[in-house]
Amino acid sequence: MKKIALGCGVIAVIVAGILLLVGVGGYNKLVGLKQGVDSGWAEVQNQYQRRADLIPNLVQTVSGAANFEKSTLEAVVQARASVGQMKITPGEAPATVEQLKQFDQAQGQLGAALSRLLVVAERYPELKANANFQNLQAQLEGTENRIATARGRFNEVVKGYNTAVQTFPTVLYAALVGFTPRPYFEAKPGSDVTPSVKFDFGNK
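Just so it is clear, the model here is predicted, and its values are computed rather than measured.

**Concerning the overall build of the protein chain**
At step 1: Counting its regular elements, the protein chain contains 5 helices and 0 strands.
At step 2: Out of the 204 residues in the protein chain, the part that is buried amounts to 33%.
At step 3: In the protein chain, 83% of the contacts between residues at least 6 apart in sequence involve partners at least 24 apart.
At step 4: For the protein chain, the accessible area works out to roughly 12,500 Å², and carbon and sulfur atoms hold 59% of it.

In structure tokens form, the structure reads like this:
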């Protein structure tokens, strides 16, 4: 009888050890995947910041054009200020759909205001011939492409993380140790068509 009890005890210890190793391995995997998500988010923020940093020079250049529409400039400045007021934890991807939605909406409003400014600028020949304006246009176009790429990569790492969090047996303990699914950037209607901010600066 004692031998049976001893054998059961040994088996229980072995099973507990295996479960512990599996749990530790799963936890470490989640840590690595979460770091990948946060790194992807940092790159998204970096590209949006790059765009925001270009705006003061763009506004200054455009405001030098005679009779340029002040309301258009003010919309860009206000949208940029709104983006700066977003409260996002530095270095950590948004944990909820609402947080990501608020960030995305603010950035979308800034993008829309920039697009309107660039359309209006097309009416001013002196701007179209301005080398600084042309350079800023090219940088903005490149930045928009980088933003799209960063968002796509972010969604990819979030997918890998979410899959791990929601897969058995990790799903049994992930939430208990602080690992919950993260939201994706959602595609907007017409987002499959790259927005054009390129203007024809050729001689007319």
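**Here we look at the packing of aromatic side chains**
By convention here, two paired aromatic rings are described through the distance between centres and the angle between planes.
At step 1: Applying the stated criterion to the full structure yields 7 aromatic pairs.
At step 2: Taking 6.0 Å as the distance between ring centres and 25° as the angle between the ring planes, the aromatic pair formed by Trp41 and Phe185 counts as stacked. Linking Trp41 in helix α1 (residues 2-63) with Phe185 in the segment after α5 (131-165), this pair joins segments that are 144 residues apart in sequence. One exposure class covers both Trp41 and Phe185, and it is buried.

**Considering the side chain of Gln107**
At step 1: In this fold, Gln107 is placed in helix α3 (residues 97-121).
At step 2: In this view, Gln107 contacts Tyr48, Arg51 and Val83; residues no more than four positions away in its chain are not counted.

**Focus: the nonpolar core**
At step 1: One finds Leu58, Val62, Phe68, Val76, Leu117, Leu127 and Phe133 to be the most contacted residues of the largest nonpolar core, which totals 24 residues.
At step 2: Counting residues per element, the ones that place at least two in this core are α1, α2 (70-84), α3 and α5.
At step 3: In terms of residues, this core owes the most to one element, α3, which gives 8 residues.
At step 4: Leu100, Ala164, Val165 and Ala174 belong to the second-largest nonpolar core, a separate cluster that totals 19 residues.

**Here's the deal with the side chain of Arg51**
At step 1: Within the secondary structure, Arg51 is located in helix α1.
At step 2: At 2.9 Å, the side chain of Arg51 forms a polar contact with the side chain of Gln107.
At step 3: Leaving out residues up to four positions away in the same chain, Arg51 has contacts with Gln107, Leu110, Gly111, Leu114, Leu140, Thr143, Glu144 and Ile147.

**A word on the environment of Ser71**
At step 1: As for its placement among the helices and strands, Ser71 is situated in helix α2.
At step 2: A sequence separation of 46 residues divides Ser71 from Leu117, and the C-alpha atoms of the two residues are 9.6 Å apart.

**Brief notes about α2**
At step 1: The end-to-end C-alpha distance of α2 is 21 Å, a good match for the 21 Å that 15 residues give at a rise of 1.5 Å each.
At step 2: Taken residue by residue, α2 has Thr72, Leu73, Val76, Ala79 and Val83 as its buried positions. All buried residues of α2 lie within an arc of 130° about the axis, which places them on one face of the element. Structural note: α2 exposes Lys70, Ser71, Gln78 and Gly84 on the side pointing more than 90 degrees away from its buried face.

**Here's the deal with a nonpolar patch on the surface**
At step 1: Among the surface-exposed residues, Tyr27, Leu176 and Val177 lie close enough to one another that they form a single nonpolar patch of about 310 Å² accessible area.
At step 2: On the secondary structure map, Leu176 appears in the segment after α5.
At step 3: Judged by relative accessible area, which is 73%, Leu176 ranks as exposed.

**Here we look at α5**
Each turn of an α-helix holds 3.6 residues, which means side chains three or four residues apart point in the same direction.
At step 1: Its 35 residues place the ends of α5 51 Å apart at the C-alpha level, agreeing with the 51 Å of an ideal helix rising 1.5 Å per residue.
At step 2: Among the residues of α5, the N-terminal cap falls to Asn130, whose side-chain oxygen and the backbone nitrogen of Asn132 are separated by 2.8 Å.

**Some thoughts on the pattern of salt bridges**
At step 1: Across all of its chains, the model carries 6 salt bridges by this definition.
At step 2: The salt bridge partner of Asp104 is Arg151, with a shortest N-O separation of 2.8 Å. Taken together, the residues span a long stretch of sequence, with Asp104 in helix α3 and Arg151 in helix α5 at a distance of 47 residues. Per residue, the accessibility class of Asp104 equals that of Arg151, and both read buried.

What counts, and at which threshold
- Residues numbered from 1 in each chain as written.
- Predicted model: local features only at pLDDT ≥ 70, side-chain atom pairs only at ≥ 80, totals over all residues.
- Heavy atoms only, no water.
- Helix = DSSP H or I, 4+ residues; strand = E, 2+ residues; numbered from the N terminus.
- Buried < 20%, exposed > 50% of the residue type's maximum accessible area, 1.4 Å probe, protein only.
- Contact = heavy atoms within 4.5 Å.
- Areas by Shrake-Rupley, 256 points an atom, 1.4 Å probe, with all protein chains shown as cover.
- Phe/Tyr/Trp six-rings, centres within 6.5 Å; stacked < 30°, edge-to-face > 60°.
- Core = buried A, V, L, I, M, F, W, Y, C linked by side-chain atoms within 4.5 Å.
- Polar contact = N/O pair within 3.5 Å; in protein donor to acceptor, adjacent residues only side chain to side chain.
- Expected span 1.5 Å × (residues − 1).
- Arc of directions from axis to C-beta.
- Patch = residues over 30% accessible without salt bridge, like charges linked within 9 Å, V, L, I, M, F, W, Y side chains within 5 Å.
- Salt bridge = Lys/Arg side-chain N within 4 Å of Asp/Glu carboxyl O.

Worth remembering: the numbers are spatial, not functional.
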